[in-house]
Amino acid sequence: MRHKTKMKRINYIFLSLLGLLIIGTSCNKQKTYSERLKDESKSIDKFISKNKLVILKDFPADGKFKENEFFRDVATGVYYNIIETGDTAGVYKLDYGQEVHIRFKGLSYFASDKDTTKYDNMDPIRSPFPETFTYRGPVNIETRSLYSGTTPGWFVPLQKVGHNGRVKMIIPFTWGSQNEVQSYNPTYYDLVVYNWYN
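Presented here is a report on the structure given in the accompanying data block. Quick caveat, the model's predicted, so the values are computed rather than measured.

**Brief notes about the overall build of the chain**
Okay, step 1: Scanning the chain from N- to C-terminus turns up three helices and seven strands.
Okay, step 2: Written out in order from the N terminus, the α and β elements of the chain read α-α-β-β-β-β-β-β-α-β.
Okay, step 3: Counting the 198 residues in the chain, one finds 38% classified as buried.
Okay, step 4: Taking the contacts inside the chain whose residues are at least 6 apart along the sequence as the reference set, 64% of them involve residues at least 24 apart.
Okay, step 5: Carbon and sulfur atoms make up 55% of the accessible area of the chain, which amounts to about 12700 Å² in all.

**Quick look at the sheet that holds strand β5 (residues 131-134)**
Sheets are built from strands that pair by backbone hydrogen bonding, the pairs being arranged parallel or antiparallel.
Okay, step 1: Strand order across the open sheet formed by seven strands is β1-β2-β3-β6-β7-β4-β5, with mixed pairing between neighbours. Looking along the sheet, the strands with just one partner apiece sit at the ends: β1 (54-56) and β5. Direction aside, neighbouring strands of the sheet carry axes that sit 35° apart on average.
Okay, step 2: As paired strands, strand β2 (residues 69-72) and strand β3 (residues 79-84) are joined by two bridges and run antiparallel to one another. Paired with Arg 72 across the bridge in β3 is Tyr 79.
Okay, step 3: In this fold helix α2 (residues 33-50) packs onto β1, β3, β6 (166-171) and β7 (187-195), with an angle of close to 135° to the strand it touches most, β6.

About the criteria used
Residues numbered from 1 in each chain as written. Predicted model: local features only at pLDDT ≥ 70, side-chain atom pairs only at ≥ 80, totals over all residues. Heavy atoms only, no water. Helix = DSSP H or I, 4+ residues; strand = E, 2+ residues; numbered from the N terminus. Buried < 20%, exposed > 50% of the residue type's maximum accessible area, 1.4 Å probe, protein only. Contact = heavy atoms within 4.5 Å. Areas by Shrake-Rupley, 256 points an atom, 1.4 Å probe, with all protein chains shown as cover. Pairing = 2+ DSSP bridges. Axes fitted to C-alpha atoms, helices over the stretch in contact; angles between N-to-C directions.

The following block contains the structure:
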């Protein structure tokens, strides 16, 4: 009799643990990385449609964009519109190892309708220092880690713009800051300004 009672307790404990395990795993409805990428793609497509943006398959031969035209970099998925090319020649030629200063405005996290705040670092009182990073060459999947601690997507247009270059951007979370990668937030920038000095 004592043996049967002990077996019942063991069975009860085992079934209780099994039940908790089943409940715990069924309640864990976190999305997979693949689902997050699909959600991001839908968010970007919705943003493009809502703002009536035109996505160019080829980079404009003359480098000039209409206000609503964006080029999508195939290697990164970063979209950008060059507002002003800036100075790409002479003393302002960008060299490997050079410090690049970035100011931005109109940063928004558009995947959620709940966050309507726009962020910027243009105000010299509230943000006395720009984001400053070292240029390590063109950014792509192999060199992205050289830009850790920053937003690697910012560096995608640098092959096409110069000192005082100005762009608008849509950056997928995979090319965003560490915070954006961890929170799966794609971003839009009304303006990104690049500066560097030799």
